[in-house]
Amino acid sequence: MQTQRTILWVIFSLSLLLLWNAWQQHNGRAGMFSAPKVESGEQIAAKPGSSATPADGVPSAGDLPAVGSSPAPASSAVAGSQLPSASAAGASGEVLTLSNEVLKVSINTLGGVLERGELTQHRETNGNGNMRLFANEPGNFYVAQVGVINAPGSTSFPTHASRFEVVGTPTPASVTLAAEDGGIRVERTYTLQPGSYVVSVNEKISNVGAQPLSPVIYRQMTRDDHKPEGDTFFYSTFTGPVMYTEAEKFQKIDFSDISEGKAKHASTANDGWAGILQHYFVAVWIPRPDVARVFYTQKSGPGLISVGIKEPLGELPPGASNESSAKVFLGPQDQNLLASLAPGLELTVDYGFLTVIAKPIHWLLDKLHGIVGNWGWAIVLLTLIIKTIFFPLQAASYKSMARMKAVGPRLTALRERYGDDRAKLNQAMMELYKNEKINPLGGCLPIVVQIPVFISLYWVLLASVEMRYAPWVLWIQDLASPDPYYILPALMAVSMFVQVRLNPTPPDPVQAKIMMFMPLFFSVMFFFFPSGLVLYWLVNNLYSIAQQWVITRKIVKN
């Protein structure tokens, strides 16, 4: 039984590694033991209402352009509803800037593209300058594009490759652009509200031709498919397209699935949004509510992926016009802010299958921060509160381990007495456990019950944008980055060795060595983990050691 108990402890320790490996695969990265998990494919497609076929009369995603190396002239016309290639990094046009207290965006008159989004209250991962979600430069392409398709015959409407002209006088909060082609005139107004991460985009589509037209607006995010800076081998978060509809809920689509033409996702709805997610930040198009829309993804060029929404405007007679509006959110994954903007947007803070546990934990963490004013101390208090709630279970575990440790010498004597006679040895051990009222598995069950809670807490700390550049004490000035001096990981390793020493020593020398090396093995990972996560584990271990020491002393005295 002692051997079985040791094996269970080893399995529990290895489960932490396996859970981390599963988290890697869950976010589309290669795990330690297998190929990357396919993120979005057949499961979503199998749901009722999921279809890759667009609504009748609406062009397919294939009608949208690939992103080329140079823009086509505004006068160019191509067959059907095919669009000219979009402007890529380095293409020129007049750049207009809107700004407020938290956001600075740049709009290029070539295509009317949102090509730069600077979050002035958030720094880049490397600490150099403000965080940028949008960029149009070599090796870093990420833009929000809008255009009109569904032109008849060989004509084309204004797209995200057309030349736009500035209408009126721009202000720091608003600018209007206009372009005309194929009998359609587009007037697009970008408006940035004070203190907001939302850019409002209003389109006035007018038929200036001599025949009825049926324009379709498309709004898309186009991005290169590389991971953002800061992603490491030791932990990974999802980067890629995301969508939400009331029917299909939150969906993630892997870059590779889109590139290989295997992506499956919701196609049509009267609600929902689409965008691109990365660690701590998200950029999404949020169309006006209760309007029919078509969702699509596509490969837009070498290493470039687009995700977007098309909105048919219906037939426009000559001289008629129609208006459509949408919002672009580009900012941090602040759950309260996201929930106020659109249904399901807060789900971009992805806790996986343990969301039901993780959300209350984040709520409590936020409340504690409101009290102490420091995210590091909020983590400490949160860990202590959760450990205290689970103290009855933890106490049962420690009591069981203490009893096992107390009878350790007697178990060793039994093994020496019976040698290789396993049947008699097991019978004698069971008799000893019965007389001493020891359950050999009593220390493991309470731990298993707590695993979902502590894994949820791990995900909360990993996903919370509040940890970025949040100081704790002295040398810890960024809870989302590794400890620069490795002090917390070193203390973590020491605490794990102490825990091993407090546990019953396995009689098998090989098992004993394994148990001693386990802390060293796991501590290597902690050297690369965000310091906020290491702080949580360190406090958890120290509190566990204190609890175990007190309970063990009581049992020894008795």
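As the structure is a prediction and not an experimental result, all values here were calculated from the model.

On to the pairing of strand S16 (residues 293–301), then. Of all 9 residues that make up S16, 8 are buried, and the element is covered over most of its length. By the bridge criterion, 2 bridges tie strand S13 (residues 268–269) to S16 in an arrangement that is antiparallel. The residue bridging Ala 269 from the neighbouring strand is Arg 293, located in S16. If you look at the hairpin formed by S16 and strand S17 (residues 304–312), you'll find 2 residues sitting between the two strands, and Gly 303 has a positive phi there, around 70°.

On the surface, a cluster of nonpolar side chains totalling about 620 Å² of accessible area is made up of Ile 371, Val 372, Trp 377, Leu 381, Leu 384, Ile 385 and Ile 389. Breaking the nonpolar patch down by element, the ones donating at least two residues are helix H5 (355–372) and helix H6 (375–389). The residue Trp 377 is located in helix H6 in this model.

Taking 1.5 Å of rise per residue, 15 residues should cover 21 Å, and H6 covers 21 Å from first to last C-alpha, within 8% of that figure. Three or more residues of H6 are buried, namely Trp 375, Gly 376, Ala 378, Ile 379, Val 380, Leu 382, Thr 383, Ile 386 and Lys 387.

Taken in spatial order, the 9 strands of this open sheet run S6-S7-S8-S9-S18-S15-S14-S11-S12, and their pairing is antiparallel. Bordering the open sheet on either side are strand S6 (165–171) and strand S12 (249–252), each of which pairs with just one other strand. When the angles between neighbouring strand axes are averaged without regard to direction, this sheet yields 15°. Strand direction decides the pairing type here: strand S11 (residues 240–245) and S12, joined by 4 bridges, are antiparallel. Opposite Thr 245, over in S12, you have Lys 249 as the bridge partner.

The topology assignment puts His 160 in the loop between strand S5 (140–149) and S6. Judged by its relative accessible area of 1%, His 160 falls in the buried class. Among the polar contacts listed, one links the side chain of His 160 to the side chain of Tyr 218, at a separation of 2.5 Å.

Turning next to the nonpolar core. In terms of nonpolar packing, the biggest core is built from 111 residues, with Phe 134 and Tyr 190 touching the most fellow members. Considering every element that reaches this core, the biggest residue donor is helix H10 (residues 445–463), with 10 residues. One finds Val 407, Leu 414, Ala 428 and Met 429 within the second-largest nonpolar core, a separate group that totals 8 residues.

Another aspect to go through is the environment of Asn 426. With respect to the helices and strands, Asn 426 occurs in helix H9 (residues 422–436). Its relative accessible area of 35% is what places Asn 426 among the partly exposed residues. In this structure the C-alpha to C-alpha distance between Asn 426 and Arg 415, which are 11 residues apart in sequence, comes to 9.4 Å.

With that settled, the discussion passes to H5. Here H5 is 18 residues long and its end C-alpha atoms lie 25 Å apart, about the 26 Å a rise of 1.5 Å per residue gives. Within the sequence span of H5, burial applies to Ala 358, Ile 361, His 362, Leu 365 and Leu 368. Projected onto a plane normal to the axis of H5, the buried residues spread over an arc of 125° and lie on a single side. Exposed and facing more than 90 degrees away from the buried side of H5 are Val 356, Trp 363, Gly 370 and Ile 371. Immediately downstream of H5, the backbone of Gly 373 shows phi near 70°, a positive value.

Bringing unusual backbone geometry into the picture now. Non-glycine residue Asn 150 carries a positive phi angle of around 85°. Note on placement: Asn 150 falls in the loop between S5 and S6. Owing to a relative accessible area of 21%, Asn 150 belongs among the partly exposed residues under this scheme.

Moving on: the packing of H5 against H6. Contact geometry for H5 and H6: axes closest at 8 Å, N-to-C directions at 125°. With respect to each other, H5 and H6 are oriented oblique. Crossing of H5 over H6 shows right-handed handedness. Of the residues in H6, those touching H5 at Ile 361, Leu 364, Leu 365, Asp 366, Leu 368, His 369 and Val 372 are Trp 375, Trp 377, Ala 378, Ile 379, Leu 381, Leu 382 and Ile 385. Among the residues forming the contact of H5 with H6, the class breakdown is 12 nonpolar, 1 polar and 1 charged.

Calculation rules
- Residues numbered from 1 in each chain as written.
- Predicted model: local features only at pLDDT ≥ 70, side-chain atom pairs only at ≥ 80, totals over all residues.
- Heavy atoms only, no water.
- Buried < 20%, exposed > 50% of the residue type's maximum accessible area, 1.4 Å probe, protein only.
- Helix = DSSP H or I, 4+ residues; strand = E, 2+ residues; numbered from the N terminus.
- Pairing = 2+ DSSP bridges.
- Patch = residues over 30% accessible without salt bridge, like charges linked within 9 Å, V, L, I, M, F, W, Y side chains within 5 Å.
- Areas by Shrake-Rupley, 256 points an atom, 1.4 Å probe, with all protein chains shown as cover.
- Salt bridge = Lys/Arg side-chain N within 4 Å of Asp/Glu carboxyl O.
- Expected span 1.5 Å × (residues − 1).
- Axes fitted to C-alpha atoms, helices over the stretch in contact; angles between N-to-C directions.
- Polar contact = N/O pair within 3.5 Å; in protein donor to acceptor, adjacent residues only side chain to side chain.
- Core = buried A, V, L, I, M, F, W, Y, C linked by side-chain atoms within 4.5 Å.
- Arc of directions from axis to C-beta.
- Parallel < 35°, antiparallel > 145°, perpendicular 65-115°, else oblique.
- Left-handed = near helix turned anticlockwise from the far one by under 90°.
- Contact = heavy atoms within 4.5 Å.
- Nonpolar A, V, L, I, M, F, W, Y, C, P; charged D, E, K, R; others polar.

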